[in-house]
Amino acid sequence: MNGAIGGDRVQRITFDHDFTDDSDIETFPKGMRLFGNGHNIEIRELVDSAGFVYFSVSRTLRKGQIGSDVLHLHDTFGPEQTPLHWYGGPELMEQYYPIEKLRFDDYPYITKELHSAAIIERYWLNTAGVFFYVDKEVPLFIDQDDQVLRFSAKKELPYYTYDDEFVFSYRVGVAADAREAHQKAIERVLTQPVDIPDERMVRQPIWSTWVRYRRPISQQTVLEFAREINAYGFKNAQLDIDDLWEVCYGSLTFNTITFPNVTEMTEMLHEMGFRVTLWVHPFINKNCDPWYTEALSKGYLVKSHNETIGYNTKWWNSAENEASYINFNNPDAVEWYRRRLLELQELGIDNFKFDAGETSWSPPDPDIEGTRALLPSSQTVNFVRMCATFGGMIEVRTGWGTQDLPVFVRMLDFDTRWGWNNGLQSLIPTLLQMNLNGYPFVLPDMIGGNVYGDDILTKELFIRWLEASVFMPSIQFSKTPWDIDEESITISKKFAQLHETYSDYIIQRMRLAVSDGTPVNPPIWWLDPTDKIAQTIYDEYLLGEDIVVAPVLAEFATSRDIYLPKGTWRDGNTNRVHEGGRWIYNYTAPMDTLPYFVSATFQAN
C-alpha cells in the first residue's frame, strides 16, 4: 500500500500477510476491504482535502493471530528521490535523532522505566509529510532495524489477554511536508494543551535538594539550602524537598525526627521568598504501616491475575517484591491518595513533584479496573491526570495521550556524562522528541545530571549543560554553582538572567502551543521542512520561530560548526547578521559563550 499525495508515492506500507492475485477485494465509497489468508483488512478514507489525505487501516483479529504491517524507513520520495528521515517514537535513554537509528526487537509499546521510555506515544512522522498513529486500544509491539519499522498487534503480556478478539488499527496522514503533517496530527490524534503551567516556573530556576543532598534530608538541610540560594543572589521559582522526608516510603507523612516542625519550616521558606514543593511517588513499601495495611485491606493496590505474585512490585527504593503500586484505575484509591496530599498542603506545602507513574511498575499481569483494551497503560494516564488536578505548579515525568494537561513534563534522570549514553548529547534529541510527540512544556533534568555512580560533574560539563538548557521552557538546579567556584557563580547568573530575559517570549510560545499546538522548541527544519541538511541536525533547536540555539556539547571544545536554517539571523553574542540556509564553520565559543541567533525581524513584547 502506498501513501500518496499529488499522484506521487511518499510512503510504502507492506501488509505482512499473503494477499494473492485471487484475494477478494470489496470496494465501497471512500474505501475498500481485502480478504485473504484469514485476514480482513479495511482501508477507509477519512479526509481528502486541499493537500491532505487521511485514512485508516483496520482489521479484527482473534487471540492467537498476529497482525503485522511494515513501514519502509529508507524509501525515497520526490523527483530527486530524497531519502526519508523519521521523528516521534518513544522517549529513550539513548535518544537518537532522527529516529531511524533506533533498534527494537519485539518491544512492547507501553510506558516503562526501563530505557527511560516514560513518553511513548504511538506516533511517527517523516520528512515526506506522512504521519502514522497506532490507536491506543491496539496491543502493540514494534521491531526496528536499519530498513523497516514493523508494527505488530498480538494478545500477549504486558497487555490484557483475557478476551478473544481485538482490533489492529492505525491512521495515516499525508500532507505537503512534515510541518503541515505534524500540525494535522495535532488536530486529529495528539491534541494540544488546554492551558500553560505556572509562569514562575518559566521565569525563575527550580531548585531541588536531590543531587546536592541525596537521602535522607532534614528540616535543617532544607533551610540551609534556601539561605545559601538567597545569599548567593539567585532567584527561585520554588524549592523541591526530594527523597526520604517520609516516615517510610508511601506514608506521605513527615518524619518528625528529621522534620520536627514542618509548618514552621514552610513559613520560614515562604518568608524567604520560596514556594515549597515535595517529591512524591505512587508506591507503598510493605514495611510502611499502618498505611500499607490500610491500602491493602481497602483494595487500593495493583494486584496480579496470578495470585502467587499478588501485589508485589519493585521500584528503586525497595527490594524485589517489597512494595506495591497504588491502583490509580480505582477511583477510591485515587481519592485516598489525593486526600493525603491535601493534608500535606495544610502544613504549608505548596505543591508536588510527582515521580514515576510508568506502567512497568505494576505486576507483570495486572488485574486492575478500566477499559480492558487500554490496559495496562491506563494506569499511567489516570495517575498523571490525578497529578494534574493539583494545578500548574507541579511536574510529572510520564505521559500517554495526556498532551492536553497544562503541566511541566520532566525528562527522566540524565547521567552526568557528555555522550549519547543518557548524557548531555541526548538532551536536545529528547527535547525534540517530546515536542514532536505533542508535549511542549518540557522540564529538562537538573543541570549537570544526577551524578550517579562513578560519574564526575566537572565545571565544564556543568556550564555547558546550563547553556544548552537556557532556551528551554525551564531550568532546574540541584548541584549548585557555588559548589564549583566563583567563575561558575558568575556564568550561572549570566545565563539564568538570559533565560529570564526571554521568558516572556517562552510564555508567548507556550500560549501558542495552547491555541494551535505549535511546539515550543521545534527542530530547525520547522522553518523549512524541505531543507535536507536541517532535517538531520540533532544538536541545535529553536525557541519558537525566532531563536536558533546551538550549544557546545563536546568536552574540551571551544568552537563548533553551526547550521542556520532559512531566514536572516542576528548573532546573540556579536550582533553580526547572517543569512540562513548555510553553515557557519568554527564558530568560537569558549566555556562562557552560548551560540544563539535571533531572527532579524524579532521584536520582544
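Small disclaimer: the values here were computed from a predicted structure and weren't measured.

Draft legend 1. Quick look at the UniProt feature "domain: Glycoside hydrolase family 31 TIM barrel" (unreviewed entry) in the protein. The positions that UniProt labels "domain: Glycoside hydrolase family 31 TIM barrel" (unreviewed entry) are, in the present scheme, residues 209–506. Strand forms 11% of residues 209–506 and helix 34%; the C-alpha atoms that close the span are 26 Å apart.

Draft legend 2. Representation of the packing of helix 10 (residues 459–469) against helix 11 (residues 486–501). It is at 10 Å that the axes of helix 10 and helix 11 come closest, and there the two elements cross at 5°. Accordingly, the angle class assigned to the pair helix 10 and helix 11 is roughly parallel. Here Lys-459, Phe-462, Ile-463, Leu-466 and Glu-467 of helix 10 lie close against helix 11, whose contacting residues are Glu-487, Ser-488, Ile-491, Ser-492 and Phe-495. Within the contact of helix 10 with helix 11, the residues separate by chemical class into 5 nonpolar, 2 polar and 3 charged.

Draft legend 3. Structural context of the side chain of Ser-68. Structurally, the position occupied by Ser-68 is in strand 7 (residues 67–72). A distance of 3.5 Å separates a polar atom in the side chain of Ser-68 from a polar atom in the side chain of Arg-150.

Draft legend 4. Representation of the nonpolar core within the structure. Counting residues in each nonpolar core, the largest one holds 155 residues, and the members touching the most others are Ile-241, Trp-245, Phe-354 and Phe-471. Discounting chain neighbours no more than four positions away, the residues touching Phe-471 are Leu-498, Tyr-502, Asn-521, Tyr-541, Leu-543, Ile-547, Val-549, Leu-594 and Tyr-596. In terms of nonpolar packing, the next biggest core, distinct from the first, is built from 40 residues, Ile-43, Leu-92, Tyr-109 and Val-172 among them.

Draft legend 5. Molecular detail of empty space enclosed by the protein. Evaluated as defined, the whole model comprises 5 cavities of 30 Å³ or more. Surrounding the largest cavity, Val-384, Val-396, Thr-398, Thr-402, Gln-403, Leu-405, Val-407, Val-409, Gly-438, Tyr-439, Pro-440 and Phe-441 form its lining. Here the lining of the largest cavity is built from residues that sort into 8 nonpolar, 4 polar and no charged.

Draft legend 6. Spatial organisation of the pattern of salt bridges. Tallied over the full model, the rule gives 36 salt bridges. Across the pair Asp-69 and Arg-59 runs a salt bridge, and its minimum N-O distance is 2.6 Å. With Asp-69 in strand 7 and Arg-59 in strand 6 (residues 52–62), this pair connects stretches of sequence that are 10 residues apart. Considered together, Asp-69 and Arg-59 belong to a single accessibility category, that of buried residues. Here Lys-154 makes a salt bridge to Asp-106, at a shortest N to O gap of 2.8 Å. Placement of Lys-154 in the loop between strand 15 (148–153) and strand 16 (165–174) and of Asp-106 in strand 11 (residues 104–108) is noted, with a sequence separation of 48 residues between them. Judged by its relative accessible area of 34%, Asp-106 falls in the partly exposed class. The structure contains a network of salt bridges with shared partners spanning Asp-355, Glu-358, Glu-395, Arg-397, Arg-410, Asp-413 and Asp-445.

Draft legend 7. Expanded view of helix 10. Within helix 10, 10 of the 11 residues are buried, which leaves the element mostly enclosed by the surrounding structure. Here helix 10 has its buried residues at Glu-460, Leu-461, Phe-462, Ile-463, Arg-464, Trp-465, Leu-466, Glu-467, Ala-468 and Ser-469.

Draft legend 8. Structural context of the packing of aromatic side chains. Across all of its chains, the model carries 51 aromatic pairs by this definition. Where Trp-245 meets Phe-254, the ring centres are 4.7 Å apart and the plane angle is 50°; that geometry is what we call tilted. Taking the relative accessible area as the measure of exposure, Trp-245 reaches 0% and is therefore buried. The side chain of Lys-154 reaches across the aromatic face of Phe-141, ending 4.7 Å from its centre. The ring of Trp-336 carries Arg-340 above its face, with NZ or CZ at 4.1 Å from the centroid.

Cut-offs applied
Residues numbered from 1 in each chain as written. Predicted model: local features only at pLDDT ≥ 70, side-chain atom pairs only at ≥ 80, totals over all residues. Heavy atoms only, no water. UniProt positions renumbered as here; feature names shortened; annotations may be inferred. Helix = DSSP H or I, 4+ residues; strand = E, 2+ residues; numbered from the N terminus. Axes fitted to C-alpha atoms, helices over the stretch in contact; angles between N-to-C directions. Parallel < 35°, antiparallel > 145°, perpendicular 65-115°, else oblique. Contact = heavy atoms within 4.5 Å. Nonpolar A, V, L, I, M, F, W, Y, C, P; charged D, E, K, R; others polar. Polar contact = N/O pair within 3.5 Å; in protein donor to acceptor, adjacent residues only side chain to side chain. Core = buried A, V, L, I, M, F, W, Y, C linked by side-chain atoms within 4.5 Å. Buried < 20%, exposed > 50% of the residue type's maximum accessible area, 1.4 Å probe, protein only. 1 Å grid on protein atoms, 1.4 Å probe; cavity = no way out; pocket = protein on both sides within 12 Å on 5 of 7 lines; lining within 4 Å. Points joined across faces, edges and corners; volume = space filled by probe spheres on them. Salt bridge = Lys/Arg side-chain N within 4 Å of Asp/Glu carboxyl O. Phe/Tyr/Trp six-rings, centres within 6.5 Å; stacked < 30°, edge-to-face > 60°. Lys NZ or Arg CZ within 6 Å of the ring centre and 35° of its normal.

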